[in-house]
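Summary of the model geometry
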Amino acid sequence: QMVARVFLATESTLASLVIAEEFRPHRRGAGLSVMGVAAGAGFGAVGLLMLLIPFTALGWRLFYLFALIPLAIVVYLRRNLRETRAFVAARDEHRLQSSFWPCVGAIHRRTLVKAVALVSAFGLVQTSGFFYASDLAQNTYGWSGRFTVIVITAGVFGIAGFLLGGVVSDRVGRKSMVVLANVLAAAGTILIFTGRQGLFVPGFFLDAAAGACFVTVTLAYVAELFPTELRATLSSVVIACQVAAGSLGLALLGAVSGLISISLAMVILGGSLLVSLLLLRGLPETRGRDLIHSVVLLANTNTFPGCKPSPGVVLGPTVMATDSGGTLRPRLARFSRGKRARTSEEDHLGPPAVDVVPPIDVALPREPLVPA
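Residues numbered from 1 in each chain as written. Predicted model: local features only at pLDDT ≥ 70, side-chain atom pairs only at ≥ 80, totals over all residues. Heavy atoms only, no water.

1. Concerning a nonpolar patch on the surface
Keep this limit in mind: Exposure above 30% relative accessible area and the absence of a salt bridge qualify a residue for a patch, where like charges join within 9 Å and nonpolar side chains (Val, Leu, Ile, Met, Phe, Trp, Tyr) within 5 Å. Note that accessible areas follow from Shrake-Rupley with a 1.4 Å probe, and for residues the cover is restricted to the protein chains shown. For this document, the term salt bridge refers to a Lys or Arg side-chain nitrogen within 4 Å of an Asp or Glu carboxyl oxygen. The helix count covers DSSP runs of H or I at least four residues long, the strand count covers runs of E at least two residues long, and both are numbered beginning at the N terminus.
Together, Phe-7, Leu-8, Leu-58, Leu-65, Leu-68 and Leu-71 give the surface a local cluster of nonpolar side chains, amounting to about 520 Å² of exposed area. Contributions of two or more residues to the nonpolar patch are made by helix H1 (2-22) and helix H3 (61-80). By the element assignment, Leu-58 lies in the loop between helix H2 (28-52) and H3.

This is the structure in structure tokens:
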């Protein structure tokens, strides 16, 4: 089970990265929402298989037999899925780093801290909320069968959440949908744990929509916040922190259960989600960002001991030059054997003021794509 969960987590993370890097910028969220719906359909398939278990001799082994079907698809995709264009572009521009932990510049470090805190806060509340909501419904309200129906019906609201976090965020922006997901989750959590049975079901449905919306929009948002040479590593850090925060939330609630009621603690945690939205201040809106030719801040590798780029190449400052057709293009100066290789464009233009690679063959954006 442990090995299988590691494999599934790796597969899910890589799938979201491939979609983020391969889909057109204005359809990136839509692609991630389709992935979310497909993943939700897997849970629905398990529910249907449970109805067949009494009629087969396989028992619980039926689940593992059914799981071989998507595994066969994964094998096919592994042999036929090409490398993403964003990765190829980063490799061709010698931006990849050979160290286990990449060199992360100050701006991206601040962005990472905010993203981790925002996502962890949501994971802490959502994981704890679902666990104790199940306990409340089945043990306090005595809704064993009814709660199963509630969970299945919540799938419809989950699909709506996937569409909000993906398709809608492609149109109105990532930050707006992050705010909406947190507001829905706060409202849903408070409704569930007010102690009134009539508010449990609508609160649970709001939580289901909020969770699906948040996971979809944050996958797109985090992918767009970081350049290709950092994206996979930092995205996995954010996701891992969200999972760890969920476990931490359960431990903390268990520790304080003797001091205050779980319902009161959950109401307080639900309200705290609104406070966590302050972390969005200073983070850029990234909807529609081109991940292949995006603005990237290059950190000088000499300032990060132990970090190494691609073998034989160390990136220096970016040289801005105009080609024969009048198009502004970046030229990456390199260091070779300890000496800086100058270019004819740099001799003409002089050294750049900042180490920035602007989009290739596109106009520079009017709004900053990195936080000030």
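2. What to know about the pattern of salt bridges
What counts, and what does not: Three exposure classes are used, based on accessible area relative to the maximum for each residue type with a 1.4 Å probe and protein chains only: buried under 20%, partly exposed in between, and exposed over 50%.
Summed over the entire model, instances satisfying the criterion amount to eight salt bridges. For Glu-21, the salt bridge identified is with Arg-231, shortest N-O distance 2.8 Å. Remark: Arg-231 occurs in helix H9 (residues 228-256) and Glu-21 occurs in helix H1; sequence separation between them is 210 residues. For the residue pair Glu-21 and Arg-231, the accessibility class agrees, reading buried in each case.

3. Overview of helix H4 (residues 85-92)
Applicable threshold: As used here, the arc is the angular range of directions from the helix axis to the C-beta atoms. Pairs of residues are marked as contacts when any of their non-hydrogen atoms sit within 4.5 Å.
Turning to H4, its buried residues are Ala-86, Ala-89 and Ala-90. Across the axial projection of H4, the buried residues extend over an arc of 100 degrees, all falling on one side. In this structure, the buried residues of H4 make contact with H1 and H9.

4. Points about helix H10 (residues 262-276)
Using the following cut-off: For a helix, the expected span equals 1.5 Å multiplied by the residue count minus one.
An ideal rise of 1.5 Å per residue puts 21 Å on 15 residues; H10 measures up with 21 Å between its terminal C-alpha atoms. Among the residues making up H10, those that are buried are Ile-262, Ala-265, Met-266, Gly-270, Leu-273 and Ser-276. For H10, the angular spread of the buried residues around the axis is 140 degrees, confining them to a single face. Exposed side of H10, more than 90 degrees from the buried face: Ile-268 and Val-275 are the residues found there.

5. Focus: the nonpolar core
Most often, soluble globular proteins keep nonpolar side chains buried together rather than apart. Keep this limit in mind: Only buried residues count toward a nonpolar core, which is a set of Ala, Val, Leu, Ile, Met, Phe, Trp, Tyr and Cys residues joined through side-chain atoms within 4.5 Å.
Counting 50 residues, the largest nonpolar core has Phe-200 and Phe-204 as the members making the most contacts within it. Looking at this core, the elements that each hand over two or more residues are helix H5 (106-140), helix H6 (144-172), helix H7 (174-192), helix H8 (197-225), H9 and H10. Per-element accounting of this core gives the leading share, twelve residues, to H5. Look past the residues within four positions of Phe-200 in its chain and what remains in contact with it is Ala-133, Leu-136, Ala-137, Tyr-141, Trp-143, Phe-147, Ile-150, Leu-191 and Ile-192.

6. Focus: the packing of H5 against H9
The packing of two helices is summarised by the inter-axis angle and the distance between the axes. This is how the line gets drawn: The convention used is that axes are lines fitted to C-alpha atoms, helices contributing only their stretch in contact, and that angles between N-to-C directions extend from 0 to 180 degrees. Any angle from 65 to 115 degrees is called roughly perpendicular, while one under 35 is roughly parallel, one over 145 is roughly antiparallel, and all others are oblique. A crossing counts as left-handed when the near helix is turned anticlockwise from the far one by less than a right angle, and as right-handed when that turn is clockwise. Under the grouping applied here, Gly and all other residues not named as nonpolar or charged are polar, the nonpolar ones being Ala, Val, Leu, Ile, Met, Phe, Trp, Tyr, Cys and Pro and the charged ones Asp, Glu, Lys and Arg.
Two numbers describe how H5 lies on H9: the axes approach to 7 Å, and their chain directions differ by 40 degrees. Classified by the angle between their axes, H5 and H9 sit oblique to one another. Note that H5 runs across H9; the crossing there is right-handed. Considering only residue class, the contact of H5 with H9 consists of 16 nonpolar, nine polar and no charged.

7. Observations regarding unusual backbone geometry
Leave glycine aside and you will find that most residues have negative phi; peptide bonds, for their part, are mostly trans. Positive phi outside glycine occurs at His-94, with the angle close to 60 degrees. With respect to the helices, strands and loops of the structure, His-94 is situated in the loop between H4 and H5.

8. Observations concerning the packing of aromatic side chains
When we look at a pair of aromatic rings, we describe it by the centre distance and by the angle of the planes. For clarity, the cut-off: Centres within 6.5 Å make a pair out of two Phe, Tyr or Trp rings, where for Trp the six-membered ring is used; the pair is then stacked when the planes are under 30 degrees apart, edge-to-face when over 60, and tilted otherwise. In this scheme, the term charge over a ring applies when either NZ of a lysine or CZ of an arginine sits within 6 Å of the ring centre and within 35 degrees of the ring normal.
If you walk through the whole model with that rule in mind, you get ten aromatic pairs. Considering the side-chain rings of Phe-122 and Phe-214, the 3.9 Å spacing of their centres and the 10 degrees angle between planes classify their relative orientation as stacked. Taken as a pair, Phe-122 in helix H5 and Phe-214 in helix H8 lie far apart in primary sequence, 92 residues in all. Residue classification places Phe-214 among the buried residues on the basis of a relative accessible area of 1%. Taken together, the aromatic side chains of Phe-130, Tyr-141, Trp-143, Phe-147, Phe-200 and Phe-204 make up a single cluster linked through ring pairs. If you follow Arg-146 out to its NZ or CZ, it ends over the ring of Trp-143, 4.2 Å from the centre.

9. Structural notes on the side chain of Ser-276
Put simply, the rule is: A 3.5 Å cut-off defines polar contacts: any pair of N or O atoms within that distance qualifies, except that in protein one atom must be a possible hydrogen donor and the other a possible acceptor, and neighbouring residues in sequence count only when both atoms are side-chain atoms.
As for its placement among the helices and strands, Ser-276 is situated in helix H10. For Ser-276, a relative accessible area of 8% gives the class buried. At a separation of 2.6 Å, a polar atom in the side chain of Ser-276 contacts the main-chain carbonyl oxygen of Leu-273. In this structure Ser-276 touches Leu-118, Ala-121 and Asn-182, once residues within four positions along its chain are discounted.

10. Examining the side chain of Ser-33
Structurally, Ser-33 is set in helix H2. Overall, the relative accessible area of 1% leaves Ser-33 in the buried class. Contacts of Ser-33, omitting those with residues within four sequence positions, involve Phe-162, Leu-163, Gly-166, Val-167 and Thr-216.

11. What about the confidence of the model for the protein?
Defined as follows: You can read pLDDT as the predictor saying how much it trusts each residue, on a scale of 0 to 100.
For the protein, per-residue confidence averages 79 on the pLDDT scale, and 78% of positions sit at 70 or higher. Here helix H11 (residues 344-349) stands out as the least confident element of the protein, with mean pLDDT 36; H7 is the most confident, with 96. When the criterion is pLDDT under 50, residues 309-372 qualifies, and its contacts beyond four places in sequence or with other chains add up to 112 contacts.

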